[in-house]
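If you want the building blocks of each chain, they are given just below.
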Amino acid sequence: PQPAPAEQFEATIARNDRIEPRDWMPEAYRRTLVRQIAQHAHSEIIGMQPEGNWITRAPSLRRKSILLAKVQDEAGHGLYLYSACETLGVSRAELTDMLLTGRQKYSSIFNYPTLSYADVGTIGWLVDGAAICNQVPLCRTSYGPYGRAMIRICKEESFHQRQGYELLMTMMRGTAEQRRMVQESVDRFWWPSLMMFGPPDANSPNSERSMAWGIKRNGNDELRQRFVDMTVPQAEALGVTLPDPDLRWNEERGAHDFGEPDWSELSAVIKGEGPCNAQRLAHRRRAHEDGAWVREAATAFARRQAARSGE
Ligand code: ACO
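The following refers to the structure shown.

### Considering the overall build of the chain
When helices and strands are counted, the chain shows 13 helices and two strands. The C-alpha atoms of the chain give 21 Å as radius of gyration, which agrees with the globular expectation for 311 residues (19 Å, within 12%). Along the first, second and third principal axes, the C-alpha set of the chain runs to 70 × 50 × 30 Å. Among the 311 residues that make up the chain, the fraction classed as buried is 48%. Across the chain, every contact between residues at least 6 apart in sequence was considered, and the portion connecting residues at least 24 apart equals 77%. Here the chain contributes 39 positively and 40 negatively charged side chains, and the mean placements of these two sets differ by 6 Å.

Here is the structure:
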């Protein structure tokens, strides 16, 4: 006899196989995916703002075209992810509304300002580096459309990380003032980058359930550790200091020990109290309103095409 849909679902998860949009899934699995994928999509779109801030002030035509392409890639990532999320039965309009009304979140990291051009490099190196650590395992997530979107996103993120590192390398070969700019930028972004991985596992309400369902493949702390271990030698090669007096190699663990991020800062930023939360959402809201005529025109056009093909 055919197993009941719930058993089939559990068996698929146990085999590490993929759940597809038409498969039966528990409502809580669907809700968790909508929450995570939407939050991820919103992060890509809001994440265009801090770097977009520097497009008009990039120091050369080459740097400007790299930055433009990078920010456009982020828009593309947001669109793949909104599409993946739509396969779960929510519309893009609903998701946008949930972002704009504060019912869905986006990553804490994008609520920090970009104060110097070095921040473009640091975001590529540290923020996109953290994103890669967090997202490569998501290519093997249990929900098919999300995992497939992540494959392309990760390839592009790797390229973004390399461009950030190359930018910082160039600045480090420049003047003493440029080296100071890089160090100052790294000092500001280090701790917020560690917070991107979420609260410690012991305070992560969703991790256990999400890992049992194969949505997340690793805990927040494991990925944060992986990021620190990957980044320390890169910082040495670059010639910058990571602003953590407790950071050192632990021979016994075969990993770096590091200090505790300020978790009260993370929860404040998530609650909307970060330095740029209000500005980021106001900008997104304005862009949405400014784009209303495009959505109306596209809808009217689609309606006319549909009526014509029905003739
Ligand atoms: N920024 C904002 N919110 C966060 C962050 C963060 N850095 N970390 C955790 N949270 C939120 C969670 O969304 C959750 O709130 P919710 O239940 O209302 O959604 C709450 O804090 C508790 O955290 P967890 O239980 O650990 O939540 P979860 O299991 O979803 O893990 C994580 C959080 C690791 C961010 C996970 O959702 C994830 O891997 N998402 C996909 C990657 C992603 O969104 N990246 C975006 C930034 S990277 C980029 O776009 C360049």
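### Things to note about the site of the ligand
Taken together, 28 residues sit near the ligand, with Q39, K105, S108, S204 and K216 positioned nearest. P205 is positioned with one of its backbone polar atoms (N or O) 3.3 Å from an oxygen atom of the ligand. Taking 950 Å² as the accessible area of the ligand by itself, protein coverage stands at 91%. If you list the elements that add at least two residues to the shell around the ligand, you get helix 2 (27–46) and helix 6 (118–135). Here the shell around the ligand takes six residues from helix 2, the largest share from any one element. For the shell around the ligand, a count of residues per class yields 11 nonpolar, 13 polar and four charged.

### Brief notes about the nonpolar core
General note: in soluble globular proteins, nonpolar side chains tend to be found buried as a group. If you look at the biggest cluster of nonpolar residues, it comprises 43 residues, and the most contacted ones within it are W125, V182, F227 and V240. Looking at this core, the elements with two or more residues in it are helix 4 (61–86), helix 6, helix 7 (144–172), helix 8 (176–195), helix 10 (220–238) and helix 11 (263–273). With eight residues, helix 6 is the single largest residue contributor to this core. In contact with V240, not counting residues within four places along its chain, are W125, M172, V182, Q183, V186 and A235. Counting 28 residues, the second largest nonpolar core, distinct from the first, contains L33, L88, A149 and I153.

### With respect to the pattern of salt bridges
Per the counting criterion, the structure on display carries 17 salt bridges. Its salt-bridge partner being D17, residue R15 comes within 3.4 Å of it at the nearest N-O pair. With a relative accessible area of 39%, D17 lands in the partly exposed category. A salt bridge links D97 to R103, with the shortest nitrogen-to-oxygen separation between them at 2.8 Å. Accessibility expressed as a relative area gives 55% for R103, which makes it exposed.

### Overview of the packing of helix 2 against helix 7
With their axes 13 Å apart at the nearest point, helix 2 and helix 7 run at an angle of 25° to one another. Considering their axes alone, helix 2 and helix 7 lie roughly parallel with respect to each other. Here helix 2 and helix 7 pass one another in a crossing that is left-handed. Residue-level inspection shows L33, Q36, I37, H40 and E44 of helix 2 in contact with helix 7, the latter providing Y146, M150, I153 and E157.

### Examining unusual backbone geometry
The backbone phi angle of N16 is positive, close to 60°, even though this residue is not glycine. When you line up the elements, N16 lands in the loop between helix 1 (5–14) and helix 2. Judged by relative accessible area, N16 falls into the exposed class, the value being 51%.

### Side note on the side chain of S210
Mapped onto the secondary structure, S210 falls in helix 9 (residues 207–212). Setting aside residues up to four positions removed in sequence, S210 forms contacts with T32, R35, I215 and K216.

### Regarding the state of the cysteines
If you walk through the whole model with that rule in mind, you get zero disulfides. No disulfide involves C85; its nearest neighbouring cysteine sulfur is the one of C139, lying 17 Å away. We note that C154 lacks a disulfide partner, and the nearest cysteine sulfur, in C139, lies 3.9 Å from it. Residue C154 is classed as buried on the basis of its relative accessible area of 6%.

Cut-offs used in this document
- Residues numbered from 1 in each chain as written.
- Predicted model: local features only at pLDDT ≥ 70, side-chain atom pairs only at ≥ 80, totals over all residues.
- Heavy atoms only, no water.
- Helix = DSSP H or I, 4+ residues; strand = E, 2+ residues; numbered from the N terminus.
- Rg over C-alpha atoms; globule rule 2.2 N^0.38 Å.
- Buried < 20%, exposed > 50% of the residue type's maximum accessible area, 1.4 Å probe, protein only.
- Contact = heavy atoms within 4.5 Å.
- Lys, Arg positive; Asp, Glu negative; His and termini not counted.
- Charge placed at Lys NZ, Arg CZ, Asp CG, Glu CD.
- Near = heavy atom within 4 Å.
- Polar contact = N/O pair within 3.5 Å; in protein donor to acceptor, adjacent residues only side chain to side chain.
- Areas by Shrake-Rupley, 256 points an atom, 1.4 Å probe, with all protein chains shown as cover.
- Nonpolar A, V, L, I, M, F, W, Y, C, P; charged D, E, K, R; others polar.
- Core = buried A, V, L, I, M, F, W, Y, C linked by side-chain atoms within 4.5 Å.
- Salt bridge = Lys/Arg side-chain N within 4 Å of Asp/Glu carboxyl O.
- Axes fitted to C-alpha atoms, helices over the stretch in contact; angles between N-to-C directions.
- Parallel < 35°, antiparallel > 145°, perpendicular 65-115°, else oblique.
- Left-handed = near helix turned anticlockwise from the far one by under 90°.
- Disulfide = S-S within 2.5 Å.

Scope: geometric values only; no functional claims are made or implied.
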